[in-house]
Amino acid sequence: MTDRIVLAYSGGLDTSVAIGWIKERTGKDVVALAVDVGQGGEDLEEVRQRALACGAVEAIVADVKDEFASDYLMPALKANAAYQRSYPLVSALSRPLISKYLVKTAHELGADSVAHGCTGQGNDQVRFEAAVAALGPDLQCIAPIRDLELTRDRSIEYAAAHDLPIRQSKKSPYSIDQNVWGKAVETGFLEDPWNAPIEDLYTYTKNPVEASPEGVDVVITFKHGIPVAIDGEAVTPLQAVERMNVLAGNEGIGRLDLVEDRLVGIKSREVYEAPGAVALITAHEELENLTLERDVNRYKRDVENRWSQLVYDGLWYSGLKRALDAFIDETQQMVSGDIRLHLQGGRATVTGRRSAQSLYDYNLVTYDEGGTFEHKAAKGFINIWSLPSKIAARRDNPLALGQGAVSVEASAASELPQGEAAATPVAEPVARETER
Ligand code: ARG
């Protein structure tokens, strides 16, 4: 049997041409695999037929939307995913799953290679190939556009010469990638980072100024960090994302425009829209504020940042990512409850939170009579808490010494080790803010 290669197929010009191109250049038969991660657009049966018409020996459609939502988007939500503090990793999340199906299909069909349609400038090539390396280290991975010199112009020529059934409508000036978590747009006039995005770029969100003036309230119920109901109606993870895309998209929420640090070392200008992701993450993070112990909550924010970088950098199937997931999952045990969001004018604002696992204690926090907070205990706590500062001030802050501001200075000053510290001249008083 001829060697086979499984190609991640989108139905567009480049991957359509790639089918024949790969066959010519490598002699291998091409199996086209179209993975449905909720990118919308064309019917995937049509896409499948086109792959066959372009010379694929086999064409397969895999609807993985539920798996994508449950196993890729929910971990991202639990991690409050945000690369460079804002980008919820739209494309970075789909690549590992598409790669998983490339590898699975290759193994099932006895193919020795897989292929993707990325260029050499982006992150996605790294994500595909790093994922394939982790899941199918036996497989070769080729990128016809990058490795077999399949340029855009060649694609157009090839398609015409071979009479391929591709609508050769004018090429969109943008490079677009989308899935159920959002949409990424790059290139075209956006390559000048001073150019403002235009309304045409957006399809998941309404212009916030055209959204309803009064906005809308929505209550999201979470269980262990996962949305399980919206306005009281049970939802699957996929339904939660889809529902929030509509609700938040109608209010213009989730538009982003940033210069991004790509893994390949360059900076690029990116426009995104991810209404459901942004609304869900806003709600989830606030529920964590209510239910996580202080130090877990604080520490988790650092972990989230590292998690987002790893996923951005294509290391979904890595040991560190798995270990961070284990930490994050442990933190989610108590992240259950309701968050009310007000969606309006491009913003999702939390206006209410409640949870049976809440750590918020009215009696401790109230300023009213009858609160249970032990005010007097605060004084001793602060004495001990600020002791290191006090001791250091004796050494470092001549002003404090001179003013006798430190109550136990005499004994401790004589305990300073001789040598360096003792030899340090008491210099000009350092100007510092003193407490009121
Ligand atoms: N820069 C984003 C990322 O690396 C989006 C990539 C979108 N891909 C594309 N082919 N347009 O995740």
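Residues numbered from 1 in each chain as written. Predicted model: local features only at pLDDT ≥ 70, side-chain atom pairs only at ≥ 80, totals over all residues. Heavy atoms only, no water.

J.: Whenever I open this one, the side chain of S99 confuses me. Can you help?
T.: Relative to the elements of secondary structure, S99 occurs in helix α4 (residues 90–109). Ignoring any residue separated from it by four or fewer positions in sequence, one finds S99 in contact with R127, F128, A131 and V132. (Helix = DSSP H or I, 4+ residues; strand = E, 2+ residues; numbered from the N terminus. Contact = heavy atoms within 4.5 Å.)

J.: Even after reading the chapter, I still don't get a nonpolar patch on the surface, so can you show me in this structure?
T.: Where nonpolar side chains cluster on the molecular surface, the patch consists of Y360, Y362 and V365 and spans about 340 Å² of accessible area. The topology assignment puts Y362 in helix α12 (residues 362–365). Judged by its relative accessible area of 47%, Y362 falls in the partly exposed class. (Patch = residues over 30% accessible without salt bridge, like charges linked within 9 Å, V, L, I, M, F, W, Y side chains within 5 Å. Areas by Shrake-Rupley, 256 points an atom, 1.4 Å probe, with all protein chains shown as cover. Salt bridge = Lys/Arg side-chain N within 4 Å of Asp/Glu carboxyl O. Buried < 20%, exposed > 50% of the residue type's maximum accessible area, 1.4 Å probe, protein only.)

J.: Quick question: what am I supposed to make of the site of the ligand here?
T.: Around the ligand there are 14 residues in total, and Y87, N123, R127, S175 and E260 lie nearest to it. The contact in question runs from a nitrogen atom of the ligand to an N or O atom on the side chain of D124, over 3.0 Å. Taking R127, its side chain carries an N or O atom lying 2.8 Å from an oxygen atom of the ligand. Only α4, α5 (124–135), β6 (175–179), β7 (182–186) and β12 (267–273) provide two or more residues apiece to the shell around the ligand. In the shell around the ligand, the residues fall into five nonpolar, three polar and six charged. (Near = heavy atom within 4 Å. Polar contact = N/O pair within 3.5 Å; in protein donor to acceptor, adjacent residues only side chain to side chain. Nonpolar A, V, L, I, M, F, W, Y, C, P; charged D, E, K, R; others polar.)

J.: It is not clear to me how the UniProt feature "domain: Arginosuccinate synthase C-terminal" (unreviewed entry) in the protein should be interpreted in this structure. Could you clarify?
T.: Feature annotation in UniProt assigns "domain: Arginosuccinate synthase C-terminal" (unreviewed entry) to the following positions: residues 174–391. As annotated, residues 174–391 comprises 38% helix and 25% strand, and the C-alpha atoms at either end are separated by 61 Å. (UniProt positions renumbered as here; feature names shortened; annotations may be inferred.)

J.: I tried to follow unusual backbone geometry on my own but got confused; where do I start?
T.: Leaving glycine out, the prevailing phi sign among residues is negative, and the prevailing peptide bond configuration is trans. Positive phi, normally seen in glycine, also occurs at R85, with a value near 65 degrees. With respect to the helices, strands and loops of the structure, R85 is situated in the loop between α3 (65–78) and α4. Of the residues examined, R85 reaches a relative accessible area of 79% and is grouped as exposed. A positive phi angle, near 50 degrees, is found at H224, a position not held by glycine. A relative accessible area of 37% places H224 in the partly exposed class.

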